[in-house]
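The residues making up each chain are set out below.
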Amino acid sequence: MAQIEQDDAPACARVAAGAISADALIAVEHLSKVYPSRTGDVTALRDIDFCIGEGQFVAIVGPSGCGKSTLLKILVGLLRASAGRVLLKGTPVDAPRRDIGVVFQAPVLFPWRTVLRNVLLPADVQGLDRAQSRARAMELLRLVGLSGFEGRYPWELSGGMQQRAALVRALVHDPSLLLMDEPFGALDAMTREQMNLELQRIWLEQQKTVLFITHSIPEAVFLADRVLVMTPRPGRLIDDVQVGLPHPRPLEIMNTPEFGACVKRIRQCFATRGGQDL
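Residues numbered from 1 in each chain as written. Predicted model: local features only at pLDDT ≥ 70, side-chain atom pairs only at ≥ 80, totals over all residues. Heavy atoms only, no water.

Details of the sheet that holds strand 6 (residues 91-92)
In a beta sheet, neighbouring strands are held together by backbone hydrogen bonds and run either parallel or antiparallel to one another. Read across the open sheet, the 4 strands follow the order 3-2-5-6; overall the sheet is antiparallel. Looking at which strands have only one partner, the edges of the open sheet turn out to be strand 3 (42-52) and strand 6. As paired strands, strand 5 (residues 83-88) and strand 6 are joined by 2 bridges and run antiparallel to one another. Among the inter-strand pairings, Leu 88 is bridged to a residue of strand 6, identified as Thr 91. (Pairing = 2+ DSSP bridges. Helix = DSSP H or I, 4+ residues; strand = E, 2+ residues; numbered from the N terminus.)

What follows is the structure in structure tokens.
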């Protein structure tokens, strides 16, 4: 693990990434992924270890191509690991599961379905009670500020509104774990800040366990309880930083010395590598 000076970050505390807790909601143990190719095997991930407790918000940062999205696909059960394992509530994740919600960078809404019919898609696929699912969808749409837009189509919404609908779709079946793969990366800076505030508010109210992948170190520090730092390929964890800033966090917290110190600690991991948003 990379060593970072404790004096540089009074609001952060370095913790052991390899310690697997028996009561973790999700545990990743010695995870590796190798892709075969004609010119030789490509190792995307190497010996990843971490765990996430129930209700935690954990962010992952790392340079492009370090295996963040590969890791997410393994966690959601879309891709098999070459070695190691992922446990959710103590059971292996080796196929897509109904108790995991996913939000990708693109909203991926069906243009021929209304907002309500888009967000109800997981309930339809899983055969959940229609009336209960609709009531939950309407409440979540209210929570994200989309009340009154239930009958609109995706092309009638802004990018931020589409991503809010995608977030509701990921939550409508009440998953245990929410995985988010750079969900705000395609939004402009002002909309992205507002979405960060919205996500924080929803997380505090819903108390979901969240794993959030981002290129932006400030975004990770603003949102997360912990920030996992990955190396360039083959992706490994080199630090696991606990963010000691209280919730809820206003945007103004980014101007505080404590916030700056957390960002500085994480940035030091990339001082000679680059590739991160500043």
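Comments concerning the pairing of strand 5
Note that strand 2 (residues 26-35) and strand 5 share 5 bridges and pair antiparallel. From the neighbouring strand, Ile 26 faces strand 5, where its bridge partner is Leu 88. Between strand 5 and the antiparallel strand that follows it, strand 6, lie 2 residues; Lys 89 among them carries a positive phi value of about 55°.

Side note on the side chain of Glu 150
Position of Glu 150 among the secondary structure elements: in the loop between helix 4 (130-143) and helix 5 (159-171). Nearest to the buried, unbridged Glu 150 among oppositely charged side chains is Arg 134, at 7.3 Å. Apart from residues lying up to four places away in sequence, Glu 150 is in contact with Thr 114, Val 115, Leu 116, Met 138 and Leu 141. (Buried < 20%, exposed > 50% of the residue type's maximum accessible area, 1.4 Å probe, protein only. Lys, Arg positive; Asp, Glu negative; His and termini not counted. Salt bridge = Lys/Arg side-chain N within 4 Å of Asp/Glu carboxyl O. Contact = heavy atoms within 4.5 Å.)

Section: the environment of Thr 214
Checked against the element boundaries, Thr 214 lands in strand 9 (residues 209-214). On the basis of relative accessible area, Thr 214 is assigned to the buried category, the value being 0%. Considered as a pair, Thr 214 and Lys 68 are 146 residues apart in the sequence and their alpha carbons are 8.7 Å apart. Not counting the four nearest positions on each side in its chain, Thr 214 is found in contact with Ile 60, Val 61, Gly 62, Lys 68, Glu 182, Arg 192, Glu 219 and Ala 220. A distance of 2.9 Å separates a polar atom in the side chain of Thr 214 from the backbone nitrogen of Ser 216. (Polar contact = N/O pair within 3.5 Å; in protein donor to acceptor, adjacent residues only side chain to side chain.)

Quick look at a nonpolar patch on the surface
A surface patch of nonpolar side chains, amounting to about 280 Å² of accessible area, comprises Leu 78, Phe 104 and Val 108. You can see Leu 78 is positioned in the loop between helix 1 (68-76) and strand 5. Relative accessible area serves as the criterion here: at 55%, Leu 78 is assigned to the exposed category. (Patch = residues over 30% accessible without salt bridge, like charges linked within 9 Å, V, L, I, M, F, W, Y side chains within 5 Å. Areas by Shrake-Rupley, 256 points an atom, 1.4 Å probe, with all protein chains shown as cover.)

Focus on the pattern of salt bridges
Inspection of every chain in the model, using the stated rule, returns 10 salt bridges. A salt bridge links Arg 113 to Asp 124, with the nearest nitrogen and oxygen atoms 3.1 Å apart. Here Asp 124 lies in helix 3 (residues 121-126) and Arg 113 lies in the loop between strand 7 (100-103) and helix 2 (115-119), a separation of 11 residues in the sequence. Given the relative accessible area of 11%, Arg 113 is considered buried. With a closest N to O distance of 3.6 Å, Arg 136 and Asp 174 form a salt bridge.

A few points about the packing of aromatic side chains
Under the criterion given, the structure shown has 4 aromatic pairs. Ring centres of Phe 184 and Phe 212 lie 6.0 Å apart, and the angle between their planes is 50°; this geometry places the pair in the tilted category. Of this pair, Phe 184 sits in the loop between strand 8 (177-181) and helix 6 (189-206) while Phe 212 sits in strand 9, and the two are 28 residues apart along the sequence. There is no split in this pair, since Phe 184 and Phe 212 are both buried. Here the aromatic residues Phe 57, Phe 184, Trp 203 and Phe 212 are joined through ring pairs into a cluster of three or more. The aromatic ring of Tyr 35 is capped on one face by Lys 33, whose charged end is 5.2 Å from the ring centroid. (Phe/Tyr/Trp six-rings, centres within 6.5 Å; stacked < 30°, edge-to-face > 60°. Lys NZ or Arg CZ within 6 Å of the ring centre and 35° of its normal.)

Topic: the confidence of the model for the protein chain
Per-residue pLDDT for the protein chain averages 87, and the proportion of residues at 70 or more is 89%. Counted against residues more than four places away or in other chains, residues 1-19, with its pLDDT under 50, gives 51 contacts. (pLDDT = per-residue confidence, 0-100.)

Some thoughts on the layout of surface pockets
Computed from the structure, the largest pocket encloses a volume of approximately 520 Å³. Along the walls of the largest pocket sit 18 residues, with Ile 100, Val 102, Phe 104, Pro 122 and His 173 positioned nearest its centre. Contributing elements (two or more residues each) for the lining of the largest pocket: strand 7, helix 3 and helix 5. In terms of residue count, helix 3 provides more of the lining of the largest pocket than any other element does, 4 residues in total. (1 Å grid on protein atoms, 1.4 Å probe; cavity = no way out; pocket = protein on both sides within 12 Å on 5 of 7 lines; lining within 4 Å. Points joined across faces, edges and corners; volume = space filled by probe spheres on them.)

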